[in-house]
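# A structural walkthrough
Listed here are the chains, written in short residue letters.
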Amino acid sequence: MSPKPLDYESLNENVKKVAYAVRGELYLRASELQKEGKKIIFTNVGNPHALGQKPLTFPRQVVALCQAPFLLDDPNVGLLFPADAIARAKHYLSLTSGGLGAYSDSRGLTGIRKEIADFIERRDGYPSDPELVFLTDGASKGVMQILNTIIRNEKDGILVPVPQYPLYSATISLYGGCLVPYYLEEEANWSLDFYNIRQSVAAARSKGITVRAMVIINPGNPTGQCLSEANIRELLKFCFQENLVLLADEVYQQNVYQDERPFISARKILFDMGPPISKEVQLVSFHTVSKGYWGECGQRGGYFEMTNLPPQTVDEIYKVASVSLSPNVPGQIFLGLMVNPPKPGDISYARFVAESKAVLESLRRRAHIMTDGFNSCRNVVCNFTEGAMYSFPQICLPPKAIEAAKKAGKAPDVFYCLKLLEATGISTVPGSGFGQKEGVFHLRTTILPAEEEMPAIMASFKKFNDEFMEQYED
Ligand SMILES: Cc1ncc(COP(=O)(O)O)c(CN[C@@H]2CONC2=O)c1O
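Residues numbered from 1 in each chain as written. Predicted model: local features only at pLDDT ≥ 70, side-chain atom pairs only at ≥ 80, totals over all residues. Heavy atoms only, no water.

Here we come to helix 5 (residues 83–95). Given 3.6 residues to a turn, an α-helix orients residues that are three or four positions apart in the same direction. With 13 residues, helix 5 extends 19 Å between its outermost C-alpha atoms, agreeing within 8% with the 18 Å of an ideal straight helix rising 1.5 Å per residue. Asp-84, Ala-85, Ile-86, Arg-88, Ala-89, Tyr-92 and Leu-93 are the residues of helix 5 that are buried. Buried residues along helix 5 sit against helix 3 (57–67), helix 4 (77–80), helix 6 (110–124) and helix 14 (329–339). (Helix = DSSP H or I, 4+ residues; strand = E, 2+ residues; numbered from the N terminus. Expected span 1.5 Å × (residues − 1). Buried < 20%, exposed > 50% of the residue type's maximum accessible area, 1.4 Å probe, protein only. Contact = heavy atoms within 4.5 Å.)

Spelled out as structure tokens, the structure:
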């Protein structure tokens, strides 16, 4: 009997190649342990509300009213909702063609795309065209769509930073392209090494790969570094020289925990550089409501903005977006609220600022607590989380531990993370899931556990790690 169409052996080989460690072996084991009644701290996913972060009030008030417009007709609505939330809800409902239950245009609601373009113009100081802003169900879908547009065959290469967020490796596998790694320099705080980047491109080309795009994640996931203006200038010059489209993943642009390298968008620097670069380099920038001080991961609100793409290409991307009909409309409204929050003088302004400031300041403190906790272990080295939501310490493992891992049929960092999980309930992601240099091991955790729990979590980690080292050290 020949295999059925959806038997494993008949499946699309690219589907089988996909790996996504953020919800891989460790996450599955943690879920099993949770079912057995063990308390698990899921720090594997940058999912703030799942770790106790409260949603911002104003956005939820507006979307609640949009979801239940009959409340707006209730004479007591003003007793429960502030006037600016009521007004904003009415505004967003007026943008839709029948409320949140109706499909929107496949690029998203025009009025919200305009709000985003206005935000980009305020942020960068250069005009932004709403026609070049497409809304998506999370930034993930936008990244996937653009990579799908770029990858023609297995000889098309995409430059990806390593360690990388596995959305990129998984999507490149799914669409049958070639991931061309460029290694970040851990010793120099995960900085770029342009010699290494050029080497990677040359090596790929020598194998017949056409390198077509370069991904930057700024601030970085899992590495947390923030790129300097000089870095981004050099990147844009490199893309211009090598004819690469730059994919700027800027989903963590609100998550910055140091003052030396504030977030500057790749788009701003592109226009600052002027012609020919500002006219020639093609750029797609991504953003989301899943991160920042919003953390609204489940709302699936993302967008990408296209710069220097020819109209015909934009039309092709629109055509493919039309196949999925419409990005989810509540997620679009969250995007509009994120880029156009309450202003000074609005009734909800003070509360909004207080809530968002509290989240960011706490994340900054937690970044320090976690980094210091890891660095207090003699075999652990951890760069400070300058931005994003993760800590990515290097764990120096003794030969006996590596031997034991081998015997267990596990990569050394997977072995270590499994032992950590079993001993402490802390669910992390092994560095191998993000890529790392040969013979060097990491784990990724988020800085998201509640601040008051963080010291106990780090103490529990240190206790486990020291006992692990006692057991396996020569
Ligand atoms: C760099 C980067 N880009 C895009 C996304 C996708 O965001 P959307 O929610 O908008 O699709 C993530 C999510 N971060 C994942 C999710 O949690 N932990 C992670 O590493 C990310 O880290």
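The next subject is the site of the ligand. If you check the shell around the ligand, you find 17 residues, and the closest are Ala-139, Ser-140, Asp-249, Tyr-252 and Thr-288. A distance of 2.6 Å separates an oxygen atom of the ligand from a polar atom in the side chain of Thr-288. The side chain of Lys-291 places a nitrogen or oxygen atom 3.2 Å from a nitrogen atom of the ligand. Out of a free accessible area of 500 Å², the ligand has 95% covered by protein chains. The element best represented in the shell around the ligand is helix 7 (residues 138–150), accounting for three residues. (Near = heavy atom within 4 Å. Polar contact = N/O pair within 3.5 Å; in protein donor to acceptor, adjacent residues only side chain to side chain. Areas by Shrake-Rupley, 256 points an atom, 1.4 Å probe, with all protein chains shown as cover.)

Relative orientation of the contacting elements helix 3 and helix 5 amounts to 50°, with a least axis distance of 8 Å. If you check the angle between helix 3 and helix 5, you find them oblique. In this structure, the crossing between helix 3 and helix 5 has a hand that is right-handed. Contact residues: Phe-58, Gln-61, Val-62, Leu-65 and Cys-66 in helix 3; Asp-84, Ala-85, Ile-86, Arg-88, Ala-89, Tyr-92 and Leu-93 in helix 5. In terms of residue class, the contact of helix 3 with helix 5 is built from nine nonpolar, one polar and two charged. (Axes fitted to C-alpha atoms, helices over the stretch in contact; angles between N-to-C directions. Parallel < 35°, antiparallel > 145°, perpendicular 65-115°, else oblique. Left-handed = near helix turned anticlockwise from the far one by under 90°. Nonpolar A, V, L, I, M, F, W, Y, C, P; charged D, E, K, R; others polar.)

This paragraph deals with the sheet that holds strand 7 (residues 283–288). What the seven strands build is an open sheet, ordered 2-8-7-6-5-3-4; its pairing is mixed. At either margin of the open sheet sits one strand with a lone partner, and together these are strand 2 (133–137) and strand 4 (178–183). Strand-to-strand twist in this sheet, taken as the mean axis angle between neighbours without regard to direction, amounts to 25°. Note that strand 6 (residues 245–249) and strand 7 share four bridges and pair parallel. Across the sheet, Ala-248 pairs through a bridge with Ser-285, a residue of strand 7. Its contacts with the sheet place helix 6 against strand 2, strand 7 and strand 8 (301–307), and it is angled at close to 115° to strand 2. (Pairing = 2+ DSSP bridges.)

On average, residues of the chain score 96 in pLDDT, and 100% of them are at 70 or above. Here the predicted complex carries an ipTM of 0.99, next to a pTM of 0.96. (pLDDT = per-residue confidence, 0-100.)

With that settled, consider the side chain of Gln-164. You can see Gln-164 is positioned in the loop between strand 3 (156–162) and helix 8 (167–174). We classify Gln-164 as buried; its relative accessible area is 5%. In this structure Gln-164 touches Ser-169, Leu-179, Asn-221, Pro-222, Gly-433 and Phe-434, once residues within four positions along its chain are discounted.

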